[in-house]
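Here is how the chains run, residue by residue.
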Amino acid sequence: MSNLKLLLSYNLLPLGGLFILFISVMVAWGNFIDYDIHKNGFPVTAKVVEAPIDCDNISRRGGFCKLEYNGKIYVEKAGRKFCHLVSGKETVKMITNNEAESLLFPDEFSDFEFVSPFILLVFALFVMIKYYVPLSKINGD
């Protein structure tokens, strides 16, 4: 069996852990921006460009709206929770930071969203450390 097949067969779980680690870092990075806006942001008024017409018929993954702030268009997921804030309205109160990287609905960010990628990160590190097989063992050294 080639070294690549041995590496994959003995290290499939740690490779999966590495993939989960990558995903958790990406999610954490996105949540840092939202967390900063949640804690240090300030309220702004955004213009509603496009919004769902009927909030009762929105699926779980649907309900996107387009908002304009400072000449920039933002596509935000309103969903069932925030649809009533944008549907049929001309403006909506949002929260942003000095760089206006993103807009958040008031009370959109929860503390669990900030903690969850770190729980996933710890799990990925546990899997990688627990089931790691050294290359010397695979190569028979």
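Refer to the structure presented above.
Please read all numbers here as calculations on a predicted model, not as lab measurements.

Chemist: What is the right way to look at the overall build of the chain in this model?
Modeler: Counting its secondary structure elements, the chain contains four helices and four strands. If you list the helices and strands of the chain from N to C, you get α-β-β-β-α-β-α-α. Taking all 141 residues of the chain together, the buried fraction comes to 31%. Look at the contacts in the chain between residues 6 or more apart in sequence, and 64% of them connect residues 24 or more apart. Here the chain has roughly 9700 Å² of accessible surface; of this, 61% comes from carbon and sulfur atoms.

Chemist: Just to check I follow, could you spell out the sheet that holds strand E1 (residues 42-50) for this structure?
Modeler: Hydrogen bonds along the backbone pair up the strands of a sheet, which may run parallel or antiparallel. Taken in spatial order, the four strands line up as E3-E2-E1-E4 in an open sheet, and their pairing is antiparallel. Pairing within the sheet leaves two strands with one partner each, and these edge strands are strand E3 (72-77) and strand E4 (91-96). For this sheet, the mean angle separating the axes of adjacent strands, direction not counted, is 45°.

Chemist: Just checking my understanding: could you explain the nonpolar core for this structure?
Modeler: Nonpolar side chains in soluble globular proteins tend to end up buried together. Ranked by size, the top nonpolar core spans 15 residues in total, and within it Leu67, Val86, Val92, Met94, Leu103 and Phe105 carry the most contacts. The set of elements that each furnish at least two residues to this core consists of E1, strand E2 (64-69), helix H2 (79-86) and E4. Among residues more than four places away in sequence, those in contact with leucine 67 are Ala46, Lys47, Val48, Val49, Lys72, Ile73, Tyr74, Glu76, Val86, Val92, Met94 and Leu103.

Chemist: Sorry if this is basic, but what is going on with helix H3 (residues 111-130) here?
Modeler: Three or four residues apart is the spacing at which side chains of an α-helix point the same way, because the helix has 3.6 residues per turn. Taking 1.5 Å per residue, 20 residues should reach 28 Å; H3 reaches 29 Å between its end C-alpha atoms and fits that length. By the burial criterion, the buried members of H3 are Pro117, Ala124 and Val127. On an axial view of H3, the arc spanned by its buried residues comes to 85°, and they lie on one face. Every exposed residue of H3 that faces more than 90 degrees away from the buried side is listed here: Phe112, Val122, Phe126, Ile129 and Lys130.

Chemist: Just checking my understanding: could you explain the environment of leucine 13 for this structure?
Modeler: Relative to the assigned elements, leucine 13 resides in helix H1 (residues 3-40). Overall, leucine 13 belongs to the partly exposed group, its relative accessible area being 45%. As for leucine 13 and methionine 128, which are separated by 115 residues in sequence, their C-alpha atoms are 7.3 Å apart.

Rules and cut-offs
- Residues numbered from 1 in each chain as written.
- Predicted model: local features only at pLDDT ≥ 70, side-chain atom pairs only at ≥ 80, totals over all residues.
- Heavy atoms only, no water.
- Helix = DSSP H or I, 4+ residues; strand = E, 2+ residues; numbered from the N terminus.
- Buried < 20%, exposed > 50% of the residue type's maximum accessible area, 1.4 Å probe, protein only.
- Contact = heavy atoms within 4.5 Å.
- Areas by Shrake-Rupley, 256 points an atom, 1.4 Å probe, with all protein chains shown as cover.
- Pairing = 2+ DSSP bridges.
- Axes fitted to C-alpha atoms, helices over the stretch in contact; angles between N-to-C directions.
- Core = buried A, V, L, I, M, F, W, Y, C linked by side-chain atoms within 4.5 Å.
- Expected span 1.5 Å × (residues − 1).
- Arc of directions from axis to C-beta.

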